[in-house]
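Structural overview for review
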Amino acid sequence: GGQIINIASIAAHSVFPTAAVYCGTKFAVRAITNGLRMESKKTRVTIISPGVVESELANTTTDLATKEWLEDFRKVALKPEAIANAIAYVINQPDDVNVDELIVQPTQSSY
């Protein structure tokens, strides 16, 4: 028994320009999570896919067009606490309840 919570991204559901590899890795997290859930009937397995969240990612991007896109994309970014609250929600479910997936996005997000 137990619980596994994987964090992916909205990129596990959509592909964005200049982010094919990033999106591919998030799709992989989603596939692995689904596989683990199928393989164990005693372990709760959840994937949480956040939309845009405040982080340092935009500061590490060197491609100017991508950097500008990220700055615009991040104007409605969630606080990290929103994702922590989602994790707490999943953990606090009864042992006989599995939350398969949560997608957490800013209210104003268009993605």
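In this report, the structure presented in the accompanying data block is examined. (Residues numbered from 1 in each chain as written. Predicted model: local features only at pLDDT ≥ 70, side-chain atom pairs only at ≥ 80, totals over all residues. Heavy atoms only, no water.)

What follows covers the nonpolar core. Grouped together as the largest cluster of nonpolar side chains are 9 residues: Ile48, Val53, Leu78, Ile83, Ala86, Val90, Val99, Leu102 and Val104. Among the elements of the structure, helix 4 (80-91) and strand 3 (101-104) are those that each provide at least two residues to this core. Considering each element in turn, this core owes the most residues, 3 residues, to helix 4. Not counting the four nearest positions on each side in its chain, Val104 is found in contact with Ile48, Ser49, Pro50, Gly51, Leu78, Ile83 and Ala86. Ranked by size, the runner-up nonpolar core spans 5 residues in total, among them Ala11, Phe16, Ala19 and Cys23. (Core = buried A, V, L, I, M, F, W, Y, C linked by side-chain atoms within 4.5 Å. Buried < 20%, exposed > 50% of the residue type's maximum accessible area, 1.4 Å probe, protein only. Helix = DSSP H or I, 4+ residues; strand = E, 2+ residues; numbered from the N terminus. Contact = heavy atoms within 4.5 Å.)

Attention now moves to the sheet that holds strand 1 (residues 2-7). Taking strand neighbours across the sheet as the criterion, the 3 strands line up as 1-2-3 in an open arrangement whose pairing is parallel. Both outer strands of the open sheet, strand 1 and strand 3, are each paired with one neighbouring strand and no more. When the angles between neighbouring strand axes are averaged without regard to direction, this sheet yields 15°. Of the pairings in the sheet, the one linking strand 1 to strand 2 (residues 43-50) comprises 6 bridges and is parallel in character. Note on strand 2: the bridge partner recorded for Gln3 is Arg44. Lying on the sheet, helix 1 (residues 20-39) is in contact with strand 1, strand 2 and strand 3; it crosses strand 2 at an angle near 160°. Sheet contacts for helix 4: strand 1, strand 2 and strand 3; angle to strand 2, the most-contacted strand, approximately 160°. (Pairing = 2+ DSSP bridges. Axes fitted to C-alpha atoms, helices over the stretch in contact; angles between N-to-C directions.)

Two side chains carrying opposite charge are able to pair once their charged atoms lie near each other. Here the structure, examined in full by the defined rule, presents 2 salt bridges. We note a salt bridge from Arg37 to Asp100, for which the minimum N-O separation is 3.3 Å. A residue pair is termed long-range when its members are at least 10 positions apart, and Arg37 in helix 1 and Asp100 in the loop between helix 4 and strand 3 qualify at 63 residues. Among the residues examined, Arg37 registers a relative accessible area of 18% and is labelled buried. The exposure class assigned to Asp100 is partly exposed, which follows from its relative accessible area of 40%. With a closest N to O distance of 2.9 Å, Glu54 and Lys79 form a salt bridge. Taken as a pair, Glu54 in the loop between strand 2 and helix 2 (57-60) and Lys79 in the loop between helix 3 (64-73) and helix 4 lie far apart in primary sequence, 25 residues in all. Of the residues examined, Lys79 reaches a relative accessible area of 47% and is grouped as partly exposed. (Salt bridge = Lys/Arg side-chain N within 4 Å of Asp/Glu carboxyl O.)

The phi dihedral of Thr18 is positive, around 65°, even though this residue is not glycine. Within the element layout of this structure, Thr18 appears in the loop between strand 1 and helix 1. Thr18 gets classed as exposed once you look at its relative accessible area, which sits at 67%.

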